[in-house]
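Structural overview for review
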Amino acid sequence: MKFDVLIIGGGPGGTEAARILARAGKKVGLIEYREIGGTCLNRGCIPAKTMLFSAEMFRLGKKIRNYGIRFCEDTPSYDFDGMVAKRQEIMEKLRKGLTFLCKKDGVELIEGKAAVISDNQVLVNGTDTYEADYIVLATGGGARKFPGYVDNDERFLISDNIFELKSFPESMVIVGGGAVGTEFATFFNTFGVKVSIVDMSPVILTYYDHDLGRELAKSFKKDGIDVYTETKITHIDTSNPKLAFTLSNGVTIEADKVLSAIGIVPTVEYLAKSNVKVSDKGRVETNEHMQTSVSNIYALGDAVGKAGSAYGAEREGVYIAHHILGSGFENYNLDYVHFPDVVFTDPEVATCGYSEQELVAAGTDFKVLKAFFLANGKALIKGDTRGFCKISVDAKTDVVLGVHIIGPQATEIIHTVPIALDMKLTAKQLRRYVWGH
């Protein structure tokens, strides 16, 4: 069968590109071997954020009586099965909605595993060959497992199976202090699970401004989460019901479960018979237009590794669709420095632009401006004055170079920042604007 465009992978980037192209009159085939929506909808963002919202409501429930609200019981209790049911309900609604929208826009959904066998051909399920003028690779990746991970032991978890838990464990070790690891730490700690984070880096959230990771670690420790940085697991004893971990710092800890949260392994094995170049790190190589070494084949998302988020992959999908159509792509910025990163921990973390360590490494002359939530009236009203907003500006021009926030509603506040960075606004210009509060 012949298509104008074949898209492999039904995650945020793939579905967005497919819908735009189909609405523009292209014959589009979208190939997916699992559920539509990809990792984000089924094994990542959506289920995780649903559970994190349950955790947020649980925390608010604990202090609601401080605001003059009374229920029959002073302390909230949780219903694990109810949380899971709500999560499944939301995921199912989104899947059905996305399937409906794809079909409504004219996208043909093809179920099966794909392999690129030439510059214009894709083999599905080893039997059916499809041809297309353009191919888009939106295949994402799977969770990376730390050295010593045991596949056939249900106590070892990754993002694929952590949502299969039937109850809360008493204790958990999380290997990796990035966005995924710290979000899961927040969730499980909220419901009384003893959580320990082990990370090789000097700070958690090491890819962000280090002040954020240090502040989050301070808050985590107050909440009873143990944070071990610059630390490795040297041995895991699996012989007893509880796992025993020996750490490189000499500490030994026990836990019922261990979660690997150390990043993503790109899915690229389906390119073995293609002419598409893959880097030594297993990423698909692309140019500034997201084209691979084969110009009519594009790639996006975790397979490429530039964006690192579902909304980043979605933006890449929009860009690619318009590039294939031949116009409009210049309106969809792919300057990743201007992409915000948000982490739904407690407290929330959000960042956009260059971190302090990046500016130091580049030799940039800059200065730092800081404001603390402790002096913010709304934060005081909500009973959460942790954290700060940090702005780095060029010392000579006053142009804003990066904004880093940790504190209440940081993940919402950050979304004014990309505009400031893109417009190269100065701190003086930002002061001209009035903010409602």
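In what follows, the structure referred to is the one given above.
Residues numbered from 1 in each chain as written. Predicted model: local features only at pLDDT ≥ 70, side-chain atom pairs only at ≥ 80, totals over all residues. Heavy atoms only, no water.

1. Quick word on the overall build of the protein
Across its full length, the protein holds 12 helices and 22 strands. Relative to its length of 437 residues, the protein is compact, with a C-alpha radius of gyration of 23 Å against a globular reference of 22 Å. Projected onto its principal axes, the C-alpha positions of the protein cover 65 × 60 × 45 Å. Buried residues in the protein amount to 50% of all 437 residues. Looking at the protein alone, contacts between residues at least 24 apart form 60% of all its contacts between residues at least 6 apart. Of the roughly 21500 Å² of accessible surface on the protein, a fraction of 52% belongs to carbon and sulfur atoms. The distance from the centre of the 50 positive side-chain charges to the centre of the 55 negative ones in the protein is 4 Å. (Helix = DSSP H or I, 4+ residues; strand = E, 2+ residues; numbered from the N terminus. Rg over C-alpha atoms; globule rule 2.2 N^0.38 Å. Buried < 20%, exposed > 50% of the residue type's maximum accessible area, 1.4 Å probe, protein only. Contact = heavy atoms within 4.5 Å. Areas by Shrake-Rupley, 256 points an atom, 1.4 Å probe, with all protein chains shown as cover. Lys, Arg positive; Asp, Glu negative; His and termini not counted. Charge placed at Lys NZ, Arg CZ, Asp CG, Glu CD.)

2. Remarks on the sheet that holds strand S14 (residues 252-255)
Pairing within the open sheet is antiparallel, and its 3 strands lie in the order S12-S13-S14. Two strands bound the open sheet, and with one partner strand each, they are strand S12 (233-237) and S14. The average angle at which neighbouring strand axes cross in this sheet is 25 degrees, direction not considered. Bridge count between strand S13 (residues 243-247) and S14: 4 bridges; the pairing is antiparallel. (Pairing = 2+ DSSP bridges. Axes fitted to C-alpha atoms, helices over the stretch in contact; angles between N-to-C directions.)

3. Focus on the packing of helix H3 (residues 45-63) against helix H5 (residues 179-190)
At a minimum axis separation of 9 Å, H3 and H5 run at an interaxial angle of 45 degrees. Considered as vectors, H3 and H5 are oriented oblique to each other. Every pair of crossing elements has a handedness; the one defined by H3 and H5 is left-handed. Residue-level inspection shows Lys49, Met51, Leu52, Ala55, Phe58, Arg59 and Lys62 of H3 in contact with H5, the latter providing Glu183, Thr186, Phe187 and Thr190. (Parallel < 35°, antiparallel > 145°, perpendicular 65-115°, else oblique. Left-handed = near helix turned anticlockwise from the far one by under 90°.)

4. With respect to the nonpolar core
Formed by 52 residues in total, the largest nonpolar core has its most connected members in Ile7, Ile8, Val116, Val122 and Leu137. Sort the elements by how many residues they give to this core and helix H7 (residues 310-325) lands first, with 6 residues. Among residues more than four places away in sequence, those in contact with isoleucine 8 are Ile31, Ala114, Val116, Val122, Ile135, Val136, Leu137, Ala138, Thr139 and Tyr270. Residues Phe168, Phe187, Ile225 and Phe388 belong to the second largest nonpolar core, which totals 38 residues. (Core = buried A, V, L, I, M, F, W, Y, C linked by side-chain atoms within 4.5 Å.)

5. Describing the pattern of salt bridges
Tallied over the full model, the rule gives 24 salt bridges. Between aspartate 105 and arginine 19 there is a salt bridge, with the nearest N and O atoms lying 2.6 Å from each other. Of the two residues, aspartate 105 is situated in the loop between helix H4 (80-104) and strand S3 (108-111) and arginine 19 in helix H1 (residues 12-23); the sequence distance between them amounts to 86 residues. For aspartate 211, the salt bridge is made with lysine 370, and the minimal N-O distance between the two is 3.3 Å. Here aspartate 211, found in helix H6 (residues 210-222), pairs with lysine 370, found in strand S20 (residues 366-372); they are 159 residues apart in sequence, far enough to count as distant. Take aspartate 211: its relative accessible area is 18%, and that puts it in the buried class. Among the charged side chains, a network of salt bridges with common partners joins Asp209, Asp211, Arg214, Glu356, Lys370 and Lys390. (Salt bridge = Lys/Arg side-chain N within 4 Å of Asp/Glu carboxyl O.)

6. Side note on H7
Its 16 residues give H7 an end-to-end C-alpha distance of 23 Å, which sits within 8% of 22 Å, the value for a rise of 1.5 Å per residue. For H7, the complete set of buried residues consists of Gly312, Ala313, Glu316, Gly317, Val318, Tyr319, Ile320, Ala321, His322, His323 and Ile324. The inward-facing, buried residues of H7 abut strand S1 (2-8), H1, strand S6 (128-137) and strand S17 (297-299). Of the residues that open H7, the one with a side-chain oxygen 3.0 Å from the backbone nitrogen of glycine 312 is serine 309. Count one or two residues on from H7 and you reach glycine 326, which has phi positive near 95 degrees. (Expected span 1.5 Å × (residues − 1). Polar contact = N/O pair within 3.5 Å; in protein donor to acceptor, adjacent residues only side chain to side chain.)

7. With respect to the packing of aromatic side chains
The final tally for this structure, using the stated rule, is 20 aromatic pairs. The interplanar angle of 40 degrees and the centroid separation of 4.8 Å between the aromatic rings of phenylalanine 58 and phenylalanine 191 together place this pair among those described as tilted. Taken together, the residues phenylalanine 58 in helix H3 and phenylalanine 191 in the loop between H5 and strand S10 (194-198) connect sequence positions 133 residues apart. With a relative accessible area of 8%, phenylalanine 191 lands in the buried category. Ring centres of phenylalanine 146 and phenylalanine 156 lie 6.3 Å apart, and the angle between their planes is 35 degrees; this geometry places the pair in the tilted category. With phenylalanine 146 in the loop between strand S7 (141-143) and strand S8 (156-157) and phenylalanine 156 in strand S8, this pair connects stretches of sequence that are 10 residues apart. The same class applies to phenylalanine 146 and to phenylalanine 156, which are both buried. Site record: aromatic cluster; members linked through ring pairs are Phe58, Tyr78, Phe80, Phe163, Phe168, Phe184, Phe187, Phe188 and Phe191. We note lysine 113 situated over the ring of tyrosine 33; from NZ or CZ to the ring centre the distance is 4.8 Å. (Phe/Tyr/Trp six-rings, centres within 6.5 Å; stacked < 30°, edge-to-face > 60°. Lys NZ or Arg CZ within 6 Å of the ring centre and 35° of its normal.)

8. Let's talk about unusual backbone geometry
At the junction of aspartate 346 and proline 347, the peptide bond is cis and its omega measures out at 5 degrees in the coordinates. Here leucine 205, not a glycine, exhibits a phi torsion of approximately 50 degrees, which is positive. The residue leucine 205 is located in the loop between S10 and H6 in this model. Its identity is not glycine, yet glutamate 230 carries a phi of approximately 50 degrees, on the positive side. Examined against the element boundaries, glutamate 230 turns out to sit in the loop between strand S11 (226-228) and S12.

Interpretation in functional terms is not warranted from these geometric data alone.
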